[in-house]
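Observations on chain architecture
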Amino acid sequence: MASQTRAGTDARQPEYVTYAPKGYCCPECKQPIKSLERAIRGTAPMPAGAPAVTYRHAECPKVQS
Ligand SMILES: [Zn+2]
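First, a word on what this report is: a plain description of the structure on this page.

Criteria and thresholds
- Residues numbered from 1 in each chain as written.
- Predicted model: local features only at pLDDT ≥ 70, side-chain atom pairs only at ≥ 80, totals over all residues.
- Heavy atoms only, no water.
- Phe/Tyr/Trp six-rings, centres within 6.5 Å; stacked < 30°, edge-to-face > 60°.
- Helix = DSSP H or I, 4+ residues; strand = E, 2+ residues; numbered from the N terminus.
- Buried < 20%, exposed > 50% of the residue type's maximum accessible area, 1.4 Å probe, protein only.
- Pairing = 2+ DSSP bridges.
- Axes fitted to C-alpha atoms, helices over the stretch in contact; angles between N-to-C directions.
- Core = buried A, V, L, I, M, F, W, Y, C linked by side-chain atoms within 4.5 Å.
- Contact = heavy atoms within 4.5 Å.
- Donors = N, O, S within 2.8 Å, 3.2 Å for Na, K, Ca; no water.

Some points on the packing of aromatic side chains
In total, this model carries 1 aromatic pair according to the counting rule given. Ring centres of Tyr-24 and Tyr-55 lie 4.6 Å apart, and the angle between their planes is 70 degrees; this geometry places the pair in the edge-to-face category. You can see Tyr-24 sitting in the loop between β1 (16–19) and β2 (38–44) and its partner Tyr-55 sitting in strand β3 (residues 52–57), a full 31 residues away along the chain. For Tyr-24, a relative accessible area of 30% gives the class partly exposed.

Have a look at this one:
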């Protein structure tokens, strides 16, 4: 029943809805994110170095939740 996923208190992995730069593909459905589709920007931890920026569909057709 944890419902503290809204923005604000946890800055470790901030995710927010935006528009993906051209050329990004959604890792869920492997489809390119169109310039006018909303995308969720997040980061993926890397074994070494800075976290990688990822974009996925805000309303991905493959992930219906
Ligand atoms: Zn997708």
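This is not the end of the story, as more comes after the structure.
Observations concerning the sheet that holds β2
Consider a sheet: its strands pair through backbone hydrogen bonds, and that pairing is either parallel or antiparallel. As summarised here, the arrangement of the 3 strands in space is β1-β2-β3, forming an open sheet in which the pairing is antiparallel. Edge positions in the sheet fall to β1 and β3, since each has one partner strand and no second. The sheet shows a mean angle of 45 degrees between the axes of neighbouring strands, direction not considered.

Section: the nonpolar core
Listed in full, the 7 residues of the largest apolar core are Ala-20, Cys-26, Cys-29, Ile-33, Ala-39, Tyr-55 and Cys-60. Residue contacts for Cys-26: discarding those within four places in its chain leaves Gln-31, Ile-33, Tyr-55, Arg-56, His-57 and Cys-60.

Observations concerning the coordination of the zinc ion
Every protein donor of the zinc ion is listed here as Cys-26 (SG), Cys-29 (SG), His-57 (ND1) and Cys-60 (SG), and their distances to the metal cover 2.0 to 2.4 Å. All donor residues of the zinc ion come from one chain, and their arrangement in sequence is C-x2-C-x27-H-x2-C. With respect to class, His-57 is no different from Cys-60; both count as buried.

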